[in-house]
Amino acid sequence: MEMLSVADHFASPVAVLLTGIFMVIESLSIAMCIIVVLQYKRVVSKHKLLPHAIQHTLEEEPEKGTNFLLNIYIILTIVVVIGTVVLFLFQPHLF
Amino acid sequence: MPDIDASNGERLILILHEHWVRYVRLVLIYLMLLVCSALIFYAAAVTAYHYDIVTQLLLLFAVVLLLVDHHWFFMAMLSQAENHILVTSDRVICIRHRIFFDEEMHEYAFSKMKFVEAEKTGFLQYLLQYGTLKFESGTPIPYVPHPSAAARAIEQTMGLT
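Conventions adopted
- Along every chain, residues carry numbers that run from 1 in the direction the sequence is written.
- To read the labels, note that chains go from A and ligands from 1, taken in the order they are written.
- For this predicted model, a pLDDT threshold of at least 70 governs which residues receive local features, and a threshold of 80 or more governs which side-chain atom pairs are given and counted, while totals over whole chains, interfaces and linings are taken from all residues.
- Water and hydrogen atoms were dropped before computing side-chain values, which therefore reflect all heavy atoms in the structure.
- Every helix listed is a DSSP run of H or I at least four residues long, and every strand listed is a run of E at least two residues long, numbered separately from the N terminus.
- Categorising residues by exposure relies on relative accessible area from a 1.4 Å probe, with only protein chains included: less than 20% of the type maximum marks a residue as buried, more than 50% marks it as exposed, and the intermediate range marks it as partly exposed.
- The contact criterion used is simple: two residues touch if any of their non-hydrogen atoms lie within 4.5 Å.
- Note on areas: these come from Shrake-Rupley sampling with a 1.4 Å probe, and a residue is covered only by the protein chains present in the view.
- The definition of a polar contact used here is a pair of N or O atoms within 3.5 Å, where within protein one atom must be able to donate a hydrogen and the other to accept one, and adjacent residues in sequence count solely through side-chain atom pairs.
- Helix span is expected to be 1.5 Å times the residue number reduced by one.
- The directions considered for the arc are those from the helix axis to the C-beta atoms.
- Strands were regarded as paired on the criterion that DSSP finds at least two bridges between them.
- An axis is simply a line fitted to the C-alpha atoms; with a helix, the fit covers only the stretch in contact. Between two such axes, the angle follows the N-to-C directions and lies from 0 to 180 degrees.
- In this analysis the probe radius is 1.4 Å and the grid spacing 1 Å, with only protein atoms considered; a cavity is a set of points the probe fits into but cannot get out of, a pocket is an open set with protein on both sides within 12 Å along at least five of seven lines, and lining residues have an atom within 4 Å of a point.
- Grid points are joined across faces, edges and corners, and a volume is the space filled by probe spheres set on the points.
- Each residue receives one of three labels: charged for Asp, Glu, Lys and Arg, nonpolar for Ala, Val, Leu, Ile, Met, Phe, Trp, Tyr, Cys and Pro, and polar for the others, Gly being one of them.
- How far each domain reaches was decided by an automatic or database domain assignment.
- Think of a salt bridge as a Lys or Arg side-chain nitrogen and an Asp or Glu carboxyl oxygen that are within 4 Å of each other.
- For classification purposes, an angle smaller than 35 degrees is called roughly parallel, one larger than 145 roughly antiparallel, one from 65 to 115 roughly perpendicular, and anything else oblique.

Topic: the overall build of chain A
Counting its regular elements, chain A contains two helices and zero strands. Across the 95 residues that make up chain A, the buried fraction comes to 40%. Across chain A, every contact between residues at least 6 apart in sequence was considered, and the portion connecting residues at least 24 apart equals 77%. Element-wise, carbon and sulfur atoms account for 75% of the exposed surface of chain A, whose accessible area totals about 5300 Å².

Have a look at this one:
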């Protein structure tokens, strides 16, 4: 299977530009994940505006489910970012 | 069913989450965009024999679509997972979030309302057992699982039954 090498991405100005754009997109994706997680934590902490007993129950019960979702989101973001970076860098020629 | 005493005497009677049908549209759009992204990846792979600008642009577009789809989907899922309908001894509180966009908290105090209605319209709502809770005033609460049981619980708390 034929593959690109890292040097191919710096072979011409267009290639360098595309590689740069790609790296910016991937960095933005990681930043987006961090911002969403932080924003979500802020939303959850807003439950503190509710009466204490309600807040306590809300924090304990639904968080079990949403924490799972949050973990899946973080793991999938890492997998997708690593996967797409590897795919972009080496670009195996399948056909 | 939680039933905890609060310091101000308000007790939590019931917590309801929105019905799972609310997630169906999200999942379908997510899968559709995922398929579109996969097709563009495929198109990039088909053209990728040489270091070609078209291949690179297709690959870039597929990656952008995949990432946008991924972040949008989880943002929407996390927002909806935090939507609650709380029934306490004094009021019904409906909390809605859309991360980065808006946050709503509707409160329906028992002292200001006389009745609560449960409404199920359409075949799907009957089949999947979800519907809308309507109060005397204020915004109706949609996607309530087993709305009749929820309305009954609220009426019992209000002392109507």
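Points about the environment of Glu119 of chain B
Residue and element names in this part refer to chain B. Within the secondary structure, Glu119 is located in strand β5 (residues 116-119). Given a relative accessible area of 28%, Glu119 falls into the partly exposed group. Along the sequence, Glu119 and Ile29 sit 90 residues apart, while their C-alpha atoms lie 27 Å from each other. Separated by 2.8 Å, the side chains of Glu119 and Lys134 make a polar contact.

Here we look at helix α4 (residues 147-158) of chain B
Residue and element names in this part refer to chain B. For α4, built from 12 residues, the straight-helix expectation of 16 Å at 1.5 Å per residue is met to within 8% by its first-to-last C-alpha distance of 16 Å. Taken together, the buried positions of α4 are occupied by Pro147, Ala150, Ala151, Ala153, Ile154 and Met158. What you see down the axis of α4 is that its buried residues fit within an arc of 160°, all on one side. Of the residues one or two after α4, Gly159 is the one with positive phi, at around 85°.

So, the sheet that holds strand β7 (residues 141-145) of chain B
All names here are of chain B. Spatially, β5-β6-β7 is the arrangement adopted by the three strands of the open sheet, whose pairing is antiparallel. The open sheet terminates on both sides in strands that have one partner only, identified here as β5 and β7. The sheet shows a mean angle of 35° between the axes of neighbouring strands, direction not considered. Relative to β7, strand β6 (residues 130-135) runs antiparallel, the two being bridged by three bridges.

Regarding the sheet that holds strand β3 (residues 91-98) of chain B
Two orientations exist for strands paired in a sheet by backbone hydrogen bonds: parallel and antiparallel. Residues and elements named next belong to chain B. Here we have four strands laid out as an open sheet, ordered β1-β2-β3-β4, and antiparallel in their pairing. Of all strands in the sheet, those bounded by a partner on one side alone are β1 (12-17) and β4 (102-109). Averaged over neighbouring strand pairs, the angle between their axes works out to 15° when direction is ignored.

Details of the layout of surface pockets
Residue and element names in this part refer to chain B. Its boundaries defined by the atoms lining it, the largest pocket holds a volume of some 520 Å³. Surrounding the largest pocket, 21 residues form its lining, Arg22, Arg25, Leu26, Gln80 and Arg98 being those nearest its centre. For the lining of the largest pocket, the elements supplying multiple residues, two or more each, are α1 (21-47), α2 (53-81), β3 and β4. Residue composition of the lining of the largest pocket, by class: 11 nonpolar, four polar and six charged. For the lining of the largest pocket, the domains that each give at least three residues are domain 1 (25-79) and domain 2 (84-158).

Overview of the pattern of salt bridges
Residue and element names in this part refer to chain B. Applying the stated criterion across every chain, the model contains five salt bridges over all chains. Between Glu18 and Arg96 there is a salt bridge; the shortest N-O distance is 3.0 Å. Of this pair, Glu18 sits in the loop between β1 and α1 while Arg96 sits in strand β3, and the two are 78 residues apart along the sequence. Arg96 matches Glu18 in its accessibility class, with the two residues each being buried. The network of salt bridges with common partners includes Glu18, Arg22 and Arg96.

Quick notes on the packing of helix α1 (residues 13-45) of chain A against α2 of chain B
Between α1 of chain A and α2 of chain B, the least distance of the axes is 11 Å, while the angle of their chain directions is 5°. One finds that α1 of chain A runs roughly parallel with respect to α2 of chain B. Note on element contacts: α2 of chain B touches α1 of chain A through Ile53, Gln56, Leu57, Leu60, Val63, Val64, Leu67, His71, Met75 and Leu78 of chain B, opposite Val14, Leu18, Ile21, Phe22, Ile25, Glu26, Ser29, Met32, Cys33, Val36 and Tyr40 of chain A. Counted by class, the contact of α1 of chain A with α2 of chain B contains 17 nonpolar, three polar and one charged residues.

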